[in-house]
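Letter by letter, the chains look like this.
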Amino acid sequence: QVQLVESGGGLVQAGGSLRLSCAASGRTASRYAMGWFRQAPGKERELVAAISWSGGTQYYADSVKGRSTISRDNAKKTVYLQMNSLKPEDTAVYYCAAGTKWAILPSKATYDYWGQGTQVTVSS
C-alpha cells in the first residue's frame, strides 16, 4: 500500500505561483508514474500533468501547458507541480496519483493510488 500526501496548496492571487508537493510513503514499488489531477466544483476530475518514473517523459494538459512544470525527486519520493501565472480557473482541489505503468495518454485509470487532495484557490 502506498500513501500519497499533497501539500503546498493555498490561496494565491492571479498571476502568482505555487509549488505543489506530493510525498509517498508506506510500502512502495521502486518505480511509479506520477500524475497531478484537479477537480473544480461541478466539473470532472481532469489530468493536469504527468511524469514517468524516470522523469524523462512528461505530459501537460493544454490548459496549463507553458506555465506549469512537473518534476520529481525519487530520492525523496516526492513529485512536484510548479504552477506559474495562475488564473482563477485554476481553482480546484489538486490530487496526486501514482501508477505502476506509464501511459502515453494518462487518465484516471492509469493510476492505482491517490492522495486526499490539496485546495488551490486563485483570486482575481
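In short, a report on the structure.

**Remarks on the overall build of the chain**
Scanning the chain from terminus to terminus reveals zero helices and 11 strands. For the chain, the succession of helices and strands along the chain, N to C, is β-β-β-β-β-β-β-β-β-β-β. C-alpha atoms of the chain, sized along the principal axes, occupy 40 × 25 × 25 Å. Out of the 124 residues belonging to the chain, those deemed buried represent 41%. In the chain, the proportion of contacts linking residues at least 24 apart, taken out of those at least 6 apart, comes to 58%. A total of about 6,600 Å² of accessible surface is found on the chain, and carbon and sulfur atoms cover 47% of it.

**Things to note about the sheet that holds strand E1 (residues 2–7)**
An order of E1-E3-E8-E7 is seen for the four strands of this open sheet, with the pairing classed as antiparallel. Two strands bound the open sheet, and with one partner strand each, they are E1 and strand E7 (68–73). Strand-to-strand twist in this sheet, taken as the mean axis angle between neighbours without regard to direction, amounts to 15 degrees. Alignment of strand E3 (residues 18–26) against strand E8 (residues 78–83), held across six bridges, turns out to be antiparallel. From the neighbouring strand, leucine 20 faces E8, where its bridge partner is leucine 81.

**Some details on unusual backbone geometry**
Backbone geometry places lysine 77, a non-glycine residue, at a positive phi of 55 degrees. With respect to the helices and strands, lysine 77 occurs in the loop between E7 and E8.

**Description of a nonpolar patch on the surface**
Together, Trp102, Ile104 and Leu105 give the surface a local cluster of nonpolar side chains, amounting to about 370 Å² of exposed area. For leucine 105, the position within the fold is in the loop between strand E9 (92–99) and strand E10 (113–114). By relative accessible area, which is 68% here, leucine 105 ends up exposed.

**Details of the nonpolar core**
Counting 27 residues, the largest nonpolar core has Met34, Trp36, Ile70, Val79, Leu81 and Tyr94 as its most contacted members. Listed by contribution, the elements that provide at least two residues to this core are E1, E3, strand E4 (33–39), strand E5 (46–51), E8, E9 and strand E11 (118–123). The element that contributes the greatest number of residues to this core is E9, accounting for four residues. Counting six residues, the second largest nonpolar core, distinct from the first, contains Phe37, Ala50, Ala97 and Tyr111.

About the thresholds
- Residues numbered from 1 in each chain as written.
- Predicted model: local features only at pLDDT ≥ 70, side-chain atom pairs only at ≥ 80, totals over all residues.
- Heavy atoms only, no water.
- Helix = DSSP H or I, 4+ residues; strand = E, 2+ residues; numbered from the N terminus.
- Buried < 20%, exposed > 50% of the residue type's maximum accessible area, 1.4 Å probe, protein only.
- Contact = heavy atoms within 4.5 Å.
- Areas by Shrake-Rupley, 256 points an atom, 1.4 Å probe, with all protein chains shown as cover.
- Pairing = 2+ DSSP bridges.
- Axes fitted to C-alpha atoms, helices over the stretch in contact; angles between N-to-C directions.
- Patch = residues over 30% accessible without salt bridge, like charges linked within 9 Å, V, L, I, M, F, W, Y side chains within 5 Å.
- Salt bridge = Lys/Arg side-chain N within 4 Å of Asp/Glu carboxyl O.
- Core = buried A, V, L, I, M, F, W, Y, C linked by side-chain atoms within 4.5 Å.

Interpretation note: all reported values are geometric properties and have no functional meaning in isolation.
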